Amino acid sequence: MDESTPIGSEADEQLTTSEAAQLLGVSRNFVIRLIDEGKLSAHSVGTHRRVRKVDVVTYLAERDRRLEEVATISYADERLGIEYR
């Protein structure tokens, strides 16, 4: 184990689907859909699902990166006079 990652670190922190939804700013049902579609990993604890906080933060960063790319493309299209209907 890496010395910079202490045992019991945030990387090991488990979230409920409701907590993950709150962190992502989406509904709990949307988080469940992400899990079912394989876009967010989770595991079961009894009948409940748990998501690693590090996976939620990684998903959030990737989502933000994709949105930034879309905004860049949209801006370039606007400057070129390309319109969408």
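All values reported here derive from a predicted model rather than from experimental measurement.

A.B. asks: What am I meant to see in the packing of helix α1 (residues 17-24) against helix α3 (residues 53-80) here?
C.D. replies: Axis angle and axis distance: for two packed helices, these are the angle between their axes and the distance between the axes, and together they describe the pair. At a minimum axis distance of 10 Å, the contact between α1 and α3 shows a crossing angle of 30°. Taken together, the axes of α1 and α3 lie roughly parallel to each other. Crossing geometry of α1 relative to α3 is assigned as right-handed. Contact with α1, carried on its side by Ala20, Leu23 and Leu24, involves Lys53, Val56, Val57, Tyr59, Leu60 and Arg63 of α3 and no other residues of that element. Residues of the contact of α1 with α3, tallied by class, amount to 7 nonpolar, no polar and 2 charged.

A.B. asks: What is the right way to look at the environment of threonine 58 in this model?
C.D. replies: Among the secondary structure elements, threonine 58 is positioned in helix α3. As for threonine 58 and leucine 40, which are separated by 18 residues in sequence, their C-alpha atoms are 9.5 Å apart.

A.B. asks: Honestly, a nonpolar patch on the surface in this entry has me stumped. Any pointers?
C.D. replies: A cluster of nonpolar side chains, namely Leu80, Ile82 and Tyr84, defines an oily patch on the protein surface of about 390 Å² accessible area. The residue tyrosine 84 is located in the segment after α3 in this model. Overall, the relative accessible area of 65% leaves tyrosine 84 in the exposed class.

A.B. asks: Help me understand α3 in this model?
C.D. replies: Helical geometry: 3.6 residues make up each α-helical turn, so side chains three or four residues apart lie on a common side. Over its 28 residues, α3 runs 41 Å from end to end, which matches the ideal 40 Å to within 8%, given 1.5 Å per residue. The set of residues buried in α3 consists of Lys53, Asp55, Val56, Tyr59, Leu60 and Asp77. Against β1 (14-16), α1, α2 (28-36) and β3 (48-52) lie the buried residues of α3. Within two residues after α3, glycine 81 carries a phi angle of roughly 80°, on the positive side.

Reading guide: rules and limits
- Residues numbered from 1 in each chain as written.
- Predicted model: local features only at pLDDT ≥ 70, side-chain atom pairs only at ≥ 80, totals over all residues.
- Heavy atoms only, no water.
- Axes fitted to C-alpha atoms, helices over the stretch in contact; angles between N-to-C directions.
- Helix = DSSP H or I, 4+ residues; strand = E, 2+ residues; numbered from the N terminus.
- Parallel < 35°, antiparallel > 145°, perpendicular 65-115°, else oblique.
- Left-handed = near helix turned anticlockwise from the far one by under 90°.
- Contact = heavy atoms within 4.5 Å.
- Nonpolar A, V, L, I, M, F, W, Y, C, P; charged D, E, K, R; others polar.
- Patch = residues over 30% accessible without salt bridge, like charges linked within 9 Å, V, L, I, M, F, W, Y side chains within 5 Å.
- Areas by Shrake-Rupley, 256 points an atom, 1.4 Å probe, with all protein chains shown as cover.
- Salt bridge = Lys/Arg side-chain N within 4 Å of Asp/Glu carboxyl O.
- Buried < 20%, exposed > 50% of the residue type's maximum accessible area, 1.4 Å probe, protein only.
- Expected span 1.5 Å × (residues − 1).

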